Amino acid sequence: MKKLKTKFALNFIWLVILTVTCKANAIGNQIGGVVIDENHQLIENAQITYCDKHAVTDANGKFEINSELCGDLLTISKSGYNSISINPETLKQDSVVLISAATDEVILLNMVKEANEISEAVSYISGSEIEDLPGTNRLTTLEGRLPGLLVMQSDGQPGKEDVTISIRGRNTFGELRSGATILVDGHEADITLLNPYDIESITVLKDAASTAMYGLRGGNGVILVNTKRGREGDLKVNLNSQTSISNSAKFPQTLGAGTYAELYNEALINDGQPPLYSSGDIETFRNGSSPLSHPNNNYISDYFDDSFMQTRNNLNISGGGKNANYIFSLGHLYNDGLMNTIEAENAYNTNTELNAINLHGNIGIQVTNKLNVNVDIKAKKDKRTQPGSYSSNGVSTYLNQMLATPPNAYPTFAVEDSLGGTADYRNNFYGQLNRAGYSFWERYYLSGFIDFTYDLDFVEGLSVIGSFGYNTFGDNIIDRSKSFAVYEYQEGLATLNKIGDDTEMLNRSTTENVNRYFESEVGLSYTTTFGESTLDGKLLAERRMVERSVARIPHWYQGFKGRLDYGLGSTYFATFAFSFQGSEQFPPDNRYGLFPALSLGWVISNEAFMDNTDFISYLKLRSSAGINGNDFDSFTSSAYFAYIGRFEQSGSYQLGPDLGTSVPRFGEVAGANDMITWSKTKKYDIGLDASFFDARLIFSADYFFERTDDILVGGTPGILGMEYLYPDGIVVNSGVEGMFSWNQQIGSDMSFYLSANGTYARNEIIAQNEEAREYEWLYRTGNPIGSRYGYSFDRFFTENDDFSALSDQSSIGSVIPGSLKYKDLNNDNIIDERDISYLGHGDFPELWYGFSGGFEFKSFDFNFQFSGVANRTVRYSGDLAYAINNGKGSVNEWHLDRWQPGNEQNATYPSLSNSNFQNNKVTSDFWLEDGSFLRLRSIQLGFTLPQSIINRLGLQSLRLFVNGSNLFSVSKVTMFDPAGNTNGTSYPIPRLYTGGINLSF
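All values reported here derive from a predicted model rather than from experimental measurement.

**Q** Just to check I follow, could you spell out the overall build of the protein for this structure?
**A** From N to C terminus, the protein includes 9 helices and 54 strands. Relative to a compact globule of 1001 residues, whose C-alpha radius of gyration would be 30 Å, the protein shows 32 Å and is just as compact. Across its three principal directions, the C-alpha atoms of the protein cover 105 × 65 × 60 Å. When the 1001 residues of the protein are sorted by exposure, 55% land in the buried category. Carbon and sulfur atoms make up 53% of the accessible area of the protein, which amounts to about 41,500 Å² in all. Within the protein, the 117 negative side-chain charges are centred at a point lying 4 Å from the centre of the 77 positive side-chain charges.

**Q** Looking at this structure, how should I read the sheet that holds strand β13 (residues 122–126)?
**A** Backbone hydrogen bonds are what pair the strands of a sheet, in a parallel or an antiparallel way. With respect to topology, 5 strands assemble into an open sheet ordered β13-β18-β19-β16-β17, the strand pairing being mixed. Lying at the two open borders of the sheet, with one neighbouring strand each, are β13 and β17 (187–188). Pairing of strand β16 (residues 181–184) with strand β19 (residues 222–227), which is carried by 4 bridges, proceeds in the parallel orientation. Residue pairing in the sheet places T181 in a bridge with V222 of β19.

**Q** Explain the nonpolar core to me, please; I cannot follow it from the model alone.
**A** Nonpolar side chains tend to gather and get buried jointly when the protein is soluble and globular. Counting residues in each nonpolar core, the largest one holds 65 residues, and the members touching the most others are F304, M402, Y876, I884, W894, Y909 and W927. Of all the secondary-structure elements, those providing two or more residues to this core are α2 (257–270), α3 (279–287), α4 (299–303), α5 (396–403), α6 (429–434), β45 (820–822) and α7 (878–881). Element by element, the count of residues in this core is highest for α2, at 7 residues. In this view, F304 contacts F251, Y299, L338, M339, N340, V395, Y398, L399, M402 and Y987; residues no more than four positions away in its chain are not counted. Of all hydrophobic cores here, the second largest spans 26 residues; its members include I167, A180, I182 and V225.

**Q** Please clarify how the confidence of the model for the protein should be interpreted in this entry.
**A** Close reading of the predicted structure is inappropriate where its pLDDT is low. Looking at the protein, pLDDT values average 88 and 92% of them are 70 or higher. Scored below 50 in pLDDT, residues 1–28 shows 128 contacts in the model against residues more than four places distant or in partner chains.

**Q** Would you mind showing me how to read the packing of aromatic side chains here?
**A** Geometry of an aromatic ring pair is reported as the spacing of the ring centres plus the angle between the planes. One pass over the structure, following the stated rule, counts 52 aromatic pairs. Aromatic side chains Y277 and F285 sit 5.6 Å apart centroid to centroid with 75° between the ring planes, which places their arrangement in the edge-to-face category. Each member of the pair Y277 and F285 is classed as buried. With a centroid separation of 5.4 Å and 10° between ring planes, the pair formed by F580 and Y592 is classed as stacked. Taken together, the residues span a long stretch of sequence, with F580 in strand β34 (residues 572–583) and Y592 in strand β35 (residues 592–603) at a distance of 12 residues. When its relative accessible area of 34% is taken as the criterion, F580 is described as partly exposed. Under the relative-accessibility criterion, Y592 is labelled partly exposed at 33%. Taken together through their ring pairs, the aromatic side chains of F793, F796, Y876, Y882, W894, Y909, F917, F926, W927 and F976 make up a single cluster. If you follow R543 out to its NZ or CZ, it ends over the ring of W556, 4.1 Å from the centre.

**Q** What should I look at first to understand the pairing of strand β5 (residues 47–50) in this one?
**A** For a regular strand, side chains alternate in direction, first toward one face of the sheet and then toward the other. Only one face of β5 is buried: it carries I48 and Y50, and the other face, with Q47 and T49, is open. Alignment of β5 against strand β6 (residues 53–56), held across 4 bridges, turns out to be antiparallel. Each bridged residue has a counterpart across the sheet, and for Q47 the counterpart in β6 is V56. Bridge count between β5 and strand β8 (residues 74–77): 3 bridges; the pairing is antiparallel. The residue of β8 that forms the bridge with I48 is I76.

**Q** Which parts of the structure should I look at to understand the pairing of β35?
**A** Residues of β35 alternate between two faces, with G593, F595, A597, S599, G601 and V603 buried on one and Y592, L594, P596, L598, L600 and W602 left unburied on the opposite face. Note: β35 against strand β36 (residues 616–630), 7 bridges, orientation antiparallel. Directly across from W602, in β36, lies its bridge partner L621.

**Q** Before we go on, may I ask you to explain unusual backbone geometry in this structure?
**A** For residues besides glycine, phi is generally negative; the peptide bonds are generally trans as well. With phi around 40°, E161 is a residue other than glycine that occupies positive phi space. With respect to the secondary-structure elements, E161 resides in the loop between β14 (149–153) and β15 (163–167). In the Ramachandran plot, D710 falls in the positive-phi region, its phi being about 65° despite a non-glycine side chain.

**Q** Looking at this structure, I do not really get the side chain of S583. What am I missing?
**A** Residue placement: S583 occurs in strand β34. Look at S583 and you get buried, because its relative accessible area is 2%. Reaching out from S583, the side chain makes a polar contact with the side chain of H555 at a distance of 3.5 Å. Setting aside chain neighbours within four positions, we find S583 in contact with L216, H555, W556, Y557 and R591.

**Q** Would you take a moment to explain α5 for this structure?
**A** What sets the pattern is the α-helix's 3.6 residues per turn: residues three or four places apart point alike. Among all positions in α5, only S396, Y398, L399, M402 and L403 are buried. On an axial view of α5, the arc spanned by its buried residues comes to 160°, and they lie on one face.

**Q** Got a minute to help me understand the side chain of Q585 in this structure?
**A** Mapping Q585 onto the fold places it in the loop between β34 and β35. The residues contacting Q585, other than those within four sequence positions of it, are H555, F632, S634, A639, Y640, F641, Y643 and I676.

**Q** Help me understand α2 in this model?
**A** When the terminal C-alpha atoms of α2 are compared, their 20 Å separation across 14 residues agrees well with the 20 Å that a helix rising 1.5 Å per residue should span. Those residues of α2 that are buried lie in contact with α3. Of the residues one or two after α2, G272 is the one with positive phi, at around 80°.

**Q** For this particular structure, what's the right way to read the environment of N628?
**A** With respect to the helices and strands, the residue N628 is situated in strand β36. Residues contacting N628, with those up to four places away along its chain left out, are D207, A208, T211, A212, G218, G219, F595, S679, K680, T681 and K683. Within the structure, N628 has its side chain in polar contact with the side chain of T211 (distance 2.6 Å).

**Q** Explain the pattern of salt bridges to me, please; I cannot follow it from the model alone.
**A** What the rule picks out here adds up to 51 salt bridges. In this structure, the salt-bridge partner of R443 is D475, at a minimum N-O distance of 2.6 Å. A residue pair is termed long-range when its members are at least 10 positions apart, and R443 in strand β27 (residues 437–456) and D475 in strand β28 (residues 462–481) qualify at 32 residues. In this pair, the class of R443 matches that of D475, namely buried.

**Q** In this structure, what is going on with the environment of L216? I would like to understand it.
**A** Positionally, L216 belongs in the loop between α1 (208–211) and β19. When its relative accessible area of 0% is taken as the criterion, L216 is described as buried. Not counting residues within four places of it along the chain, the set of residues in contact with L216 comprises R177, Y557, Q581, G582, S583, F586, F595, G629, N630, D631 and W678.

**Q** Just checking my understanding: could you explain the packing of α2 against α3 for this structure?
**A** To characterise two packed helices, one gives the angle between the axes of the helices and the distance between these axes. Orientation of α2 relative to α3, taken along the N-to-C sense of each, is 155°, at an axis distance of 7 Å. On the basis of the axis angle, α2 is roughly antiparallel to α3. For the pair α2 and α3, contact is made by A257, G258, T259, A261, E262 and N265 and by I282, F285 and R286, respectively. Grouping the amino acids of the contact of α2 with α3 by side-chain chemistry returns 4 nonpolar, 3 polar and 2 charged.

Cut-offs applied
Residues numbered from 1 in each chain as written. Predicted model: local features only at pLDDT ≥ 70, side-chain atom pairs only at ≥ 80, totals over all residues. Heavy atoms only, no water. Helix = DSSP H or I, 4+ residues; strand = E, 2+ residues; numbered from the N terminus. Rg over C-alpha atoms; globule rule 2.2 N^0.38 Å. Buried < 20%, exposed > 50% of the residue type's maximum accessible area, 1.4 Å probe, protein only. Areas by Shrake-Rupley, 256 points an atom, 1.4 Å probe, with all protein chains shown as cover. Lys, Arg positive; Asp, Glu negative; His and termini not counted. Charge placed at Lys NZ, Arg CZ, Asp CG, Glu CD. Pairing = 2+ DSSP bridges. Core = buried A, V, L, I, M, F, W, Y, C linked by side-chain atoms within 4.5 Å. Contact = heavy atoms within 4.5 Å. pLDDT = per-residue confidence, 0-100. Phe/Tyr/Trp six-rings, centres within 6.5 Å; stacked < 30°, edge-to-face > 60°. Lys NZ or Arg CZ within 6 Å of the ring centre and 35° of its normal. Polar contact = N/O pair within 3.5 Å; in protein donor to acceptor, adjacent residues only side chain to side chain. Arc of directions from axis to C-beta. Expected span 1.5 Å × (residues − 1). Salt bridge = Lys/Arg side-chain N within 4 Å of Asp/Glu carboxyl O. Axes fitted to C-alpha atoms, helices over the stretch in contact; angles between N-to-C directions. Parallel < 35°, antiparallel > 145°, perpendicular 65-115°, else oblique. Nonpolar A, V, L, I, M, F, W, Y, C, P; charged D, E, K, R; others polar.

Written out as structure tokens, the structure is:
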């Protein structure tokens, strides 16, 4: 008999299918079987209860109970897994019982809550769902997976992998922090420092009730990353290994020197100048007959490898008994580099190599029958090599230079081993990669925390709880770079013109970005039941320190926080949460803020009047309301101690008889501002969770509304002569999010699922202390944060136009036939800043979504996942967009469709020009493109060896898998990755093919 058992929990991700396979055994009074989990791992020490008998599974997951059939269900339970109950009458020989890890639990504020008890807006994903996916930043693997959470990867360089992260869109701007708060095991840390196989779960807190306890850092939502802890049981060893190979990254494509010379000539002619290159020159560029005098380079394809290899290995050891449990993990990540370097040039490596080692240890100890202590330590060493001097921009530095260098700038080698170059182009890329030495960046990270629970037996259910944590990391940069000479080739001259010198290698070390975090909290926890009611409460005092700069003193937070959870039966639930938190960054009289919130939940399907609605498996209505806070980053913001006036040296005075003596001038650069405060975000949420047809169809939806007041904005009267911030900004943000999934069992050997989620969030700036504007269309207020503003493209100027009769655009730049003509919005016959208006969406999307599916068939498993965004634009810019930019640059396919005489309006690019192109560069909708895209984020196929083979090998489980990541994207943006920098200089998100193994014994 097959059973499908599903527990449903808040915000749609809580669903876990518990499949129970019973071929079972009943011989006389003996009942027995084998217990495994969904990963086909044998479950040892599972508790078996039937009638008045008890048993536990052995090391092979087997159990036997001698008992008469009594009509009860047989119950199987294990810490960390969902308990199940089955009918023993169906048991036959070689029973196999499948139980599932308790991933339908949601971790909230160090509090484990059953999913159906949650009334807040929370999304959840198990770490096992993303651990086998490649990439060095786990946040990238969340793209499109959770409703309400936007993750958009913008850079693909291993070790960098920048992402945009937002929960339910944007509700603030200016000086205030705009990103979500990310906590690892409840403490502030960087998720990119984690090994993926150490992650137990990731929980996203979205509404006011779930984030109220986070005080001044809860306004933009919170992401909780929980790492694995030891479990009771014998020693267990997990080995995970994977190798990834990149292929076909979407680099910008430039055209060869022959086409460049043709277009350069055309630009000169358009500017009224004679052409530079003859037809013979152009042909020589193309046929390559004279590579010294007529070089034809393709820097991007020459110096970026078509592929790179990345390996990840992880060893995990866990186990424990009744009084102690443990888990230790060691991980290693290696990437061999992205650049096409020549190893024979040096005895050292100049490629962009990545080497990272992770250590994680966690021990839980039952010190006494009253005291439980958990100790956690994490460490990481991250080392990244670069050619030449270190740049925080990584390989983007080279992409930027390559797009700015004409393909015929110089030959790679002027003669024999001498590097080519000119006075204008000394950046010979072969030299930069192979003869400029090297540098490396290292980050050492160490964190430790301890949390405890001490039961106070004089009141049943009352405990003292606390947590203390400290982490620190800093960056050390070793610079062993050197300079190289280049030689300018001049045809017919016997002597090359040398430019620069070959220098000795530097040996320099610097330390920067020293970060320290200290967090502590202690308080009381109380749990009780009375009748059908349950009550859980916490009250804590907290103190936090953040230090991220030696130039600014540490930033402290302190206050109180608490929550009270009440449940009546399994039908009615309520949560009240609050924090009272302050910071030294605010004036003494207004230093602390109160952030309360309330949520309510009603499981309608548990009502008696729902008994006859068999097709509804689960139905819950929930709502929440409250206030969250958000402050500024005191290490980057000009609001730093802004309530205190600041005096600094600023310029000098000239004194003396002839005013010949310079004396430093000290003056007020920031006036005391007692209006500095945090923003207050009022959040409202209403949600519905439902499942139908024996939980095969799951559906959930939320509507949310947020209003943020007291946003710090600028706007200084000129008479003050200094910056002044006012808490006058107001933003409203609202939207909907939802998900559905279908889960189906087909026969005894196959199951499949389909799932989709989406979020729409639109914000509007209600107030921002904007100055009075002459025309309505000039106002930014009333539009979304980050909107595009600029000129509206009308048409191309043509050779038939009477320029004197048209609106004057000279304030923007000179124009020629083929230049962009803009709309005169105020009809004053002048195109200037008064004609700038709202152009549409910015880079941040209003809509993001994802859908996925998969199946299991016997020993095979398969899954895929897509993600996408919409309602956003990108703006082409830089050397990628502008042909022969500033008389140099490069050209690409787009530039071939430039305006030429006779084109009228049948072109997609302005006429070429070296000296009359500034008019075209201003921001206008001509350069905007729909930035929506759909990406196949991952596809994976796995095979788990059958249990019969595993037993003979002496293993617990063995799974082999292959997957592909970022295999293709669908977008109107064709010249670069649609999520990358719009000038084409971010490393494109690579296509990765991965093979791996998961082994347990």
